[in-house]
Amino acid sequence: MSILKIARLGHPILYKKTSLVDNIIEPGIKKLIHDMSETMIDYKGIGLAAPQVHISKQIIIFRMFDDQEKESNEIKITALINPRIIKTSEETDDKWEGCLSIPGMLGLVKRYSSISYEGFDMNGNKIQQNANGSHARVVQHECDHLNGIVFTHRLVDKKAYGYEDEIEEYWNKKHE
Ligand code: NI
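Since the model is a prediction, treat every value here as computed from it, not as a measurement.

Engineer: Describe the sheet that holds strand β6 (residues 114-120), with residues and values.
Structural biologist: Read from one edge to the other, the open sheet built from 5 strands follows the order β1-β2-β3-β6-β7, with strand pairing classed as antiparallel. Every interior strand has two partners, whereas the edge strands, β1 (47-49) and β7 (126-132), have only one. Recorded for the sheet is a direction-independent mean angle of 40 degrees between the axes of neighbouring strands. The sheet strands contacting helix α3 (residues 133-146) are β1, β2 (59-63), β3 (77-87), β6 and β7, and the helix crosses β2 at an angle near 155 degrees.

Engineer: Please set out the nonpolar core residue by residue, giving values where relevant.
Structural biologist: By size, the foremost hydrophobic cluster in this structure holds 16 residues, and its most contacted members are Ile-33, Met-36, Leu-48, Ile-59, Ile-61 and Ile-81. At the level of elements, α1 (27-42), β2 and β3 are the ones that each hand at least two residues to this core. Residue contributions to this core peak at 5 residues, all from α1. Setting aside anything within four residues of it in sequence, one finds Ile-33 in contact with Ile-59, Ile-61, Ala-79, Ile-81 and Met-122. Ile-60, Phe-62, Ile-127 and Cys-143 belong to the second-largest nonpolar core, a separate cluster that totals 14 residues.

Engineer: Break down the pattern of salt bridges for me, with residues and values.
Structural biologist: In this structure the tally under the stated criterion is 10 salt bridges. Here Asp-144 makes a salt bridge to Arg-111, at a shortest N to O gap of 2.8 Å. Linking Asp-144 in helix α3 with Arg-111 in strand β5 (residues 105-112), this pair joins segments that are 33 residues apart in sequence. Asp-144 sits in the buried class, given a relative accessible area of 8%.

Engineer: Residue-level account of the packing of aromatic side chains, with values.
Structural biologist: As enumerated under the stated definition, the model contains 3 aromatic pairs in all. For the pair Phe-62 and Tyr-117, a centre-to-centre distance of 6.1 Å together with 90 degrees between the ring planes defines the contact as edge-to-face. Residue Phe-62 is found in strand β2, and its partner Tyr-117 is found in strand β6; the two are separated by 55 residues along the sequence. Relative accessible area serves as the criterion here: at 2%, Tyr-117 is assigned to the buried category.

Engineer: I'd like a rundown of the coordination of the nickel ion, residues and numbers included.
Structural biologist: The coordination sphere of the nickel ion, as far as protein atoms go, consists of Cys-99 (SG), His-141 (NE2) and His-145 (NE2), spread over 2.1 to 2.2 Å. In primary-sequence terms, the residues that donate to the nickel ion follow C-x41-H-x3-H. Of this pair, Cys-99 sits in the loop between β4 (92-97) and β5 while His-141 is found in helix α3, placing the two residues 42 residues apart along the sequence. What makes His-141 buried here is its relative accessible area of 6%.

Engineer: An account of unusual backbone geometry is requested, with residue identities and associated values reported.
Structural biologist: Non-glycine residue His-54 carries a positive phi angle of around 70 degrees. Of note, His-54 is situated in the loop between β1 and β2. With a relative accessible area of 30%, His-54 lands in the partly exposed category. Its identity is not glycine, yet Asn-82 carries a phi of approximately 50 degrees, on the positive side. By the secondary structure assignment, Asn-82 is in strand β3. Its relative accessible area of 12% is what places Asn-82 among the buried residues.

Engineer: Explain the pairing of β2 to me, using residue names and the numbers behind them.
Structural biologist: Looking down a regular strand, the side chains alternate between one sheet face and the other. The element β2 is extensively covered by neighbouring structure, given that 5 of its 5 residues are classed as buried. Neither face of β2 is open: one carries Ile-59, Ile-61 and Arg-63, the other Ile-60 and Phe-62, and all of them are buried. As defined by bridge partners, β1 adjoins β2 across 3 bridges and the pair is classed as antiparallel. What sits directly across from Ala-49, in β2, is Ile-60.

Thresholds, definitions, all that
Each chain carries its own residue numbering, running from 1 in the written order of its sequence. A pLDDT threshold of at least 70 governs which residues receive local features in this predicted model, and a stricter bar of 80 or more applies before side-chain atom pairs are shown or counted, although totals over entire chains, interfaces and linings include all residues. Side-chain measures were taken over the full set of non-hydrogen atoms in the model, leaving aside hydrogen atoms and water. At least two bridges found by DSSP between two strands is the condition for calling them paired. Secondary structure is summarised from DSSP: a helix means a run of H or I of at least four residues, a strand means a run of E of at least two, and numbering begins at the N terminus for each. Only the stretch in contact is used when a helix axis is fitted, and all axes are lines through C-alpha atoms; the angle between N-to-C directions ranges over 0 to 180 degrees. Throughout, a contact is declared for two residues whenever any of their heavy atoms are within 4.5 Å. By nonpolar core is meant a set of buried Ala, Val, Leu, Ile, Met, Phe, Trp, Tyr and Cys residues that side-chain atoms within 4.5 Å join together. Buried means the residue's accessible area, taken with a 1.4 Å probe over protein chains only, is under 20% of the maximum for its type, while exposed means over 50%, and partly exposed covers the values in between. Whenever Lys or Arg places a side-chain nitrogen within 4 Å of a carboxyl oxygen from Asp or Glu, that contact is recorded as a salt bridge. Ring pairs are drawn from Phe, Tyr and Trp, using the six-membered ring of Trp, whenever the two centres fall within 6.5 Å, and their geometry is named by plane angle: stacked under 30 degrees, edge-to-face over 60, tilted for the rest. Any N, O or S atom lying within 2.8 Å of the metal counts as a donor, with the limit raised to 3.2 Å for Na, K and Ca; because water is left out of the atom set, some sites can appear incomplete.

Coordinates in, geometry out; function isn't part of it.
Rendered as structure tokens:
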């Protein structure tokens, strides 16, 4: 496995629409997912999309911070190929997001509170899942990357964006 270089804000690959993976079970896709997982862990991220490692294909990975992960002390990563999202309610919430392509920065972003998503795992099995809270948020954030959208395009307020420590000092406290 290897750690891949991450494209940062300004790199054109981040604004390009990705293409579908034709052959999901191709060994190259499996290797890419393993490398993306290693990269995400190394950078301490919770999600990563293929365009962020300069591959314009519909592949995302994300971590699940659930009780099972806490109990087993093992990092659980879900890989999703050719994902589709369906919102399951009109309800939204605003939360601070970061992105490995925009290191050190946070932005306040509106997302659907609950969604359902589908796609394929790296063995070609179909995945169908309902998600809410941070699980729903990370999937929406990563799927945005597949459409050339980064979170700075979705800020609820142009001012609700900045360096982590400044945001923590001036925003989170204000919003408590
Ligand atoms: Ni991101």
